[in-house]
Amino acid sequence: MESLKQAILERGKALSDQVLKVDAFLNHQIDPQLMIQVGQEFADRFKNDQITKILTIESSGIAPSFTTAVELDIPLVFARKKKSLTMSDNVFVSQVYSFTKKESNTITVSKNFIEEGDCVLIIDDFLANGQAALGLIDIVKQAQASVAGVGIVIEKSFQPGRKQIEELGYRVESLARIKSLDTGQISFIEEN
Ligand code: G4P
Ligand code: NA
Ligand code: NA
């Protein structure tokens, strides 16, 4: 997606050879026009897949998921990292370990919002090691719903996330694929 790659190059910064900072449009400040384009692109890629629901994880997955949900005209559910005050015990739970942060998070989704028969598109802002996406897939399976695929805004292709998810047989659609961040230079895997 060209406008996204342009935003990454012009407004992003390689903080190291592993970490890309994009808080000017995705992780802190949000660029609404760019997020609308992201939603249109995801919707276009999954328009023939009979998606009934989008599942993401708070917080940075919500903006791109929301615009996609508007385009596909379906509900959006976000997994919580902390149990909400009003959440009952009627929840699906999965453990997500972050290699980046070296911590484990329990994520929860109410059983009211993912149901057997749902066809779920999983969306997240970043794909690194794939643990967040695998946790969301686990929750969809607990609900006896199906996974239509995984939509990622920015994939760090030098990390193993895509491989982990594809090995389980799921489709991954990434709007920008970072080949390398070495020496502060951001480069992409070129696709047609
Ligand atoms: P994984 O799910 O692919 O295994 O990812 P990992 O544990 O490595 O990521 C932990 C957090 O760091 C996630 O956000 C993820 O989106 C984010 N992250 C990973 N790599 C990068 C990167 O290069 N740049 C940026 N900006 N973020 C990265 P989170 O803790 O869930 O936070 P948030 O959704 O509230 O923003
Ligand atoms: Na995220
Ligand atoms: Na994030």
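Residues numbered from 1 in each chain as written. Chains lettered and ligands numbered in written order. Predicted model: local features only at pLDDT ≥ 70, side-chain atom pairs only at ≥ 80, totals over all residues. Heavy atoms only, no water.

Some words on unusual backbone geometry
Logical step 1: Looking along the chain, the bond that leaves Glu 58 and enters Ser 59 is cis, with omega of -5°.
Logical step 2: Assignment of secondary structure puts Ser 59 in the loop between strand S3 (53–57) and helix H3 (62–72).
Logical step 3: Positive phi outside glycine occurs at Asp 73, with the angle close to 55°.
Logical step 4: Within the secondary structure, Asp 73 is located in the loop between H3 and strand S4 (76–79).
Logical step 5: Judged by its relative accessible area of 69%, Asp 73 falls in the exposed class.
Logical step 6: Positive phi is not limited to glycine here, since Lys 102 has a value of about 55°.
Logical step 7: Checked against the element boundaries, Lys 102 lands in the loop between strand S5 (91–98) and strand S6 (103–110).
Logical step 8: For Lys 102, a relative accessible area of 63% corresponds to the exposed category. (Helix = DSSP H or I, 4+ residues; strand = E, 2+ residues; numbered from the N terminus. Buried < 20%, exposed > 50% of the residue type's maximum accessible area, 1.4 Å probe, protein only.)

Points about the site of ligand 1
Logical step 1: Taken together, 20 residues lie around ligand 1, and Leu 20, Ser 60, Lys 81, Thr 100 and Lys 101 are the ones closest in.
Logical step 2: Separating an oxygen atom of ligand 1 from a side-chain N or O atom of Asp 125 is a distance of 3.4 Å.
Logical step 3: Contacts to ligand 1 include Asn 129, whose backbone N or O atom sits 2.9 Å from an oxygen atom.
Logical step 4: Contact with the protein chains removes 83% of the 720 Å² of surface that ligand 1 exposes when unbound.
Logical step 5: Contributions of two or more residues to the shell around ligand 1 are made by strand S7 (119–127) and helix H4 (131–142).
Logical step 6: A per-class count over the shell around ligand 1 returns six nonpolar, nine polar and five charged. (Near = heavy atom within 4 Å. Polar contact = N/O pair within 3.5 Å; in protein donor to acceptor, adjacent residues only side chain to side chain. Areas by Shrake-Rupley, 256 points an atom, 1.4 Å probe, with all protein chains shown as cover. Nonpolar A, V, L, I, M, F, W, Y, C, P; charged D, E, K, R; others polar.)

What to know about the UniProt feature "binding site: 5-phospho-alpha-D-ribose 1-diphosphate" (unreviewed entry) in the protein
Logical step 1: As annotated in UniProt, the feature "binding site: 5-phospho-alpha-D-ribose 1-diphosphate" (unreviewed entry) corresponds to Ala 128, Asn 129, Gly 130, Gln 131 and Ala 132 in the numbering used here.
Logical step 2: Note on placement: Gly 130 falls in the loop between S7 and H4.
Logical step 3: Structurally, Ala 132 can be placed in helix H4.
Logical step 4: When residues no more than four places from it in sequence are discounted, the contact partners of Ala 132 are Val 96 and Asp 124. (UniProt positions renumbered as here; feature names shortened; annotations may be inferred. Contact = heavy atoms within 4.5 Å.)

Observations regarding the pairing of strand S8 (residues 146–156)
Logical step 1: With respect to burial, S8 is a largely interior element, 10 of its 11 residues being buried.
Logical step 2: Both S7 and S8 contribute to a ladder of eight bridges, which runs parallel. Paired with Cys 119 across the strands is Ser 146, a residue of S8.
Logical step 3: In the classification by handedness, the crossover that spans S7, the intervening H4 and the parallel S8 is right-handed. (Pairing = 2+ DSSP bridges. Right-handed = clockwise from strand over helix to strand, strands pointing away.)

Regarding the pattern of salt bridges
Logical step 1: Here the structure, examined in full by the defined rule, presents 15 salt bridges.
Logical step 2: Taking the shortest distance from any N to any O, the salt bridge between Glu 190 and Lys 5 comes out at 3.2 Å. Highlighted residues: Glu 190 in the segment after strand S10 (187–188) and Lys 5 in helix H1 (residues 2–11), separated in sequence by 185 residues.
Logical step 3: We classify Glu 190 as exposed; its relative accessible area is 60%.
Logical step 4: The exposure class assigned to Lys 5 is buried, which follows from its relative accessible area of 9%.
Logical step 5: Of the charged contacts in the structure, one is a salt bridge between Lys 53 and Asp 118, with a shortest N-O distance of 3.9 Å. (Salt bridge = Lys/Arg side-chain N within 4 Å of Asp/Glu carboxyl O.)

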